[in-house]
Amino acid sequence: MRWLLLALFILPACEIGVFVWVGGKIGPWWVVLLILLTGIIGITIAKIQGTHTLQKARISINNGQVPTEQIMDGICILIGAVFLLSPGFITDTIGLLLVLPILRKPLKRVLYNLIKRKMNNGTFIFRRW
């Protein structure tokens, strides 16, 4: 929880710094255009990837398998889409890392290992209802 609060204070300050730095290099109107462009492109990619992941999950369920891979993909795509919706170059970079399948694969492995470790430690509790 402390890390989240720290990130909520530090990330906007870093984003403002990057805005000012990039704005000094290419001009403020180009920064606005670039932010809008990365947001539109990122959300389009997130929508395509989300639809593709949903189709793969349905196929997996129809074959009688648990769609664990697709669930992890869906979580990464959702978080990436949220980052892409927020204006900023740092958040857009993080969002693209989570949305693009090639870049998402290593991050997904790290997230899976984190969740597995938390479940083994008893931090996350898994129960059947």
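Quick caveat: nothing in here was measured; it's all calculated off a predicted structure. (Residues numbered from 1 in each chain as written. Predicted model: local features only at pLDDT ≥ 70, side-chain atom pairs only at ≥ 80, totals over all residues. Heavy atoms only, no water.)

Looking at the protein chain, pLDDT values average 86 and 94% of them are 70 or higher. Model confidence for the protein chain, summarised as mean pLDDT per element, is weakest for helix α5 (residues 101-121) at 84 and strongest for helix α2 (residues 28-62) at 91. (pLDDT = per-residue confidence, 0-100. Helix = DSSP H or I, 4+ residues; strand = E, 2+ residues; numbered from the N terminus.)

Roughly 220 Å³ of volume is contained in the largest pocket. Lining the largest pocket, in full, are Ile79, Leu107, Val110, Leu111 and Leu114. The greatest single-element share of the lining of the largest pocket, amounting to four residues, is contributed by α5. Looking at side-chain class alone, the lining of the largest pocket contains five nonpolar, no polar and no charged residues. Lining the second largest pocket we find Thr68, Glu69, Met72, Lys105, Lys108, Arg109 and Tyr112. Of all the elements, α5 adds the most residues to the lining of the second largest pocket, at four residues. The class makeup of the residues in the lining of the second largest pocket is two nonpolar, one polar and four charged. (1 Å grid on protein atoms, 1.4 Å probe; cavity = no way out; pocket = protein on both sides within 12 Å on 5 of 7 lines; lining within 4 Å. Points joined across faces, edges and corners; volume = space filled by probe spheres on them. Nonpolar A, V, L, I, M, F, W, Y, C, P; charged D, E, K, R; others polar.)

Moving on, we come to the nonpolar core. Core analysis: the biggest nonpolar cluster contains five residues, these being Ala46, Ile77, Ala81, Leu84 and Val99. It is helix α3 (residues 68-85) that contributes the most residues to this core, three residues altogether. Excluding residues that lie within four positions of it along the chain, leucine 84 makes contacts with Thr38, Gly39, Gly42, Ile43, Thr91, Asp92, Gly95, Leu96 and Val99. (Core = buried A, V, L, I, M, F, W, Y, C linked by side-chain atoms within 4.5 Å. Buried < 20%, exposed > 50% of the residue type's maximum accessible area, 1.4 Å probe, protein only. Contact = heavy atoms within 4.5 Å.)

Between helix α1 (residues 2-26) and helix α4 (residues 89-99), the least distance of the axes is 8 Å, while the angle of their chain directions is 110 degrees. In terms of orientation, α1 and α4 fall into the roughly perpendicular class. Here Leu11, Cys14, Glu15, Val18, Phe19 and Val22 of α1 lie close against α4, whose contacting residues are Phe89, Ile90 and Thr91. Residue composition of the contact of α1 with α4, grouped by class: seven nonpolar, one polar and one charged. (Axes fitted to C-alpha atoms, helices over the stretch in contact; angles between N-to-C directions. Parallel < 35°, antiparallel > 145°, perpendicular 65-115°, else oblique.)

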